[in-house]
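A look at the structure
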Amino acid sequence: MSARLLPNLRSIPRKLLQCGSGIATVEFAAALPFVLSTFMVATEITNYTITKMRVSQIALQVADNGSRIGTDSLLTDPQITESDINDLLTGAGAQGTNLDLYTHGRVIISSLEAIANPNTTNQFKIRWQRCRGVKNTTSGYGVQGDTNLAGMGPAGRQVTTPDDAGVIYVQVVYDYQPLFTSVVLPNTTFNEVAAMTVRDKRDYNGPSSGTNANIGIYESSGVTASTCNLFTAT
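Heads up: these notes are all about the structure in this document. (Residues numbered from 1 in each chain as written. Predicted model: local features only at pLDDT ≥ 70, side-chain atom pairs only at ≥ 80, totals over all residues. Heavy atoms only, no water.)

Section: the pattern of salt bridges
For clarity, the cut-off: Any carboxyl oxygen of Asp or Glu that lies within 4 Å of a side-chain nitrogen of Lys or Arg is treated as forming a salt bridge with it. Numbering of helices and strands runs from the N terminus, with a helix taken as a DSSP run of H or I at least four residues long and a strand as a DSSP run of E at least two residues long. Burial classification: accessible surface area is computed with a 1.4 Å probe over protein chains only, and a residue below 20% of its type maximum counts as buried, one above 50% as exposed, and the rest as partly exposed.
A full pass over the atoms with the stated rule returns six salt bridges. The partner of D64 in a salt bridge is R68, with the nearest N and O atoms 3.3 Å apart. The residue D64 makes a salt bridge to R199 at a minimum N-O spacing of 2.6 Å. Taken together, the residues span a long stretch of sequence, with D64 in helix α2 (residues 23-66) and R199 in the segment after β4 (189-197) at a distance of 135 residues. Since its relative accessible area comes to 37%, R199 is described here as partly exposed. Within the structure, one salt-bridge network assembled from shared partners comprises D64, R68 and R199.

Some words on the state of the cysteines
What counts, and what does not: In this description, a disulfide is simply a cysteine sulfur pair whose atoms lie within 2.5 Å.
Taken as a whole, this structure holds one disulfide when the rule is applied. C131 shares a disulfide with C228; S-S distance 1.9 Å. The S-S bond linking C131 to C228 shows a torsion near 80 degrees; that makes this disulfide right-handed. Pair noted here: C131 is in strand β2 (residues 124-132) and C228 is in the segment after β4, with a separation of 97 residues, a long-range link. Judged by its relative accessible area of 2%, C131 is buried.

Some points on the sheet that holds β4
Rule in force here: At least two DSSP bridges between two strands are needed for those strands to be called paired. To get an axis, a line is fitted to the C-alpha atoms, and for a helix only the part in contact is used. The angle between two axes follows their N-to-C directions and goes from 0 to 180 degrees. In what follows, a contact means two residues having at least one pair of non-hydrogen atoms within 4.5 Å.
With antiparallel pairing, the four strands of this open sheet are ordered in space as β2-β1-β3-β4. On the outer flanks of this sheet lie β2 and β4, each paired with one strand and no other. Between one strand axis and the next, the sheet turns by 20 degrees as a mean value, whatever way the strands run. Of the strand pairs in this sheet, strand β1 (residues 105-114) and strand β3 (residues 167-175) are connected by eight bridges, and their pairing is antiparallel. If you follow L112 over to β3, its bridge partner there is V167. Sheet strands touched by helix α3 (residues 82-95): β1 and β2. Its angle to β2, the strand with the most contacts, is close to 60 degrees.

Structure follows, in structure tokens:
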């Protein structure tokens with residue numbers, strides 16, 4: 001019996017070497033970490049790019065809407081109110097709902113105007129500025145009350161205004177929320193800006209007395225101004 005089993009036992013190693021049924025499984029197991037890593041990186045970069053584009057679109061939309069707001073009157077130039085600006089910010093939050101925009105970021109709206117008309121000195125001022133979002137950051141391009149500015153925006157891309165009009169300048173700062181990891185990303189804080197010239201003639205001075213005297217915004221009853229010292233997600 002032993003003599004009959006010996007040839008069979010000797011053939012087992014040869015048969016194992018010839019068997020290819022487990023090679024695919026082993027190869028798949030070896031390649032799986034690389035495949036998963038590639039998938040995760042590709043997904044993260046795609047989501048990063050889409051999110052950055054959405055934040056940029058929010059900035060552009062707010063600037064465009066901000067350039068159009070104003071209550072028309074037959075007796076005066078269109079006036080803007082704290083309620084108008086709050087509506088702008090609420091719309092931005094709705095546009096960025098899936099991003100939790102005001103939880104992870106901040107929207108800063110500024111009214112840039114010429115120092116004088118005609119502006120012979122090429123100097124500008126920020127008459128008013130409003131913000132929303134819990135991210136503790138301020139505009140790096142100027143704050144309300146700043147004067148003698150050369151414009152607003154990054155160096156080499158500063159925005160100025162016509163003599164007889166203002167510009168709504170919007171800055172959206174947002175902390176990107178990774179799906180998997182931020183290791184493969186160049187920068188996780190977006191800083192997107194947009195600017196639009198005010199479409200129609202506007203009452204830039206605002207009320208001559210009260211809390212908002214000469215800042216170009218009329219107060220609204222029962223409305224809390226979204227001043228930039230308030231860090232809120234509402």
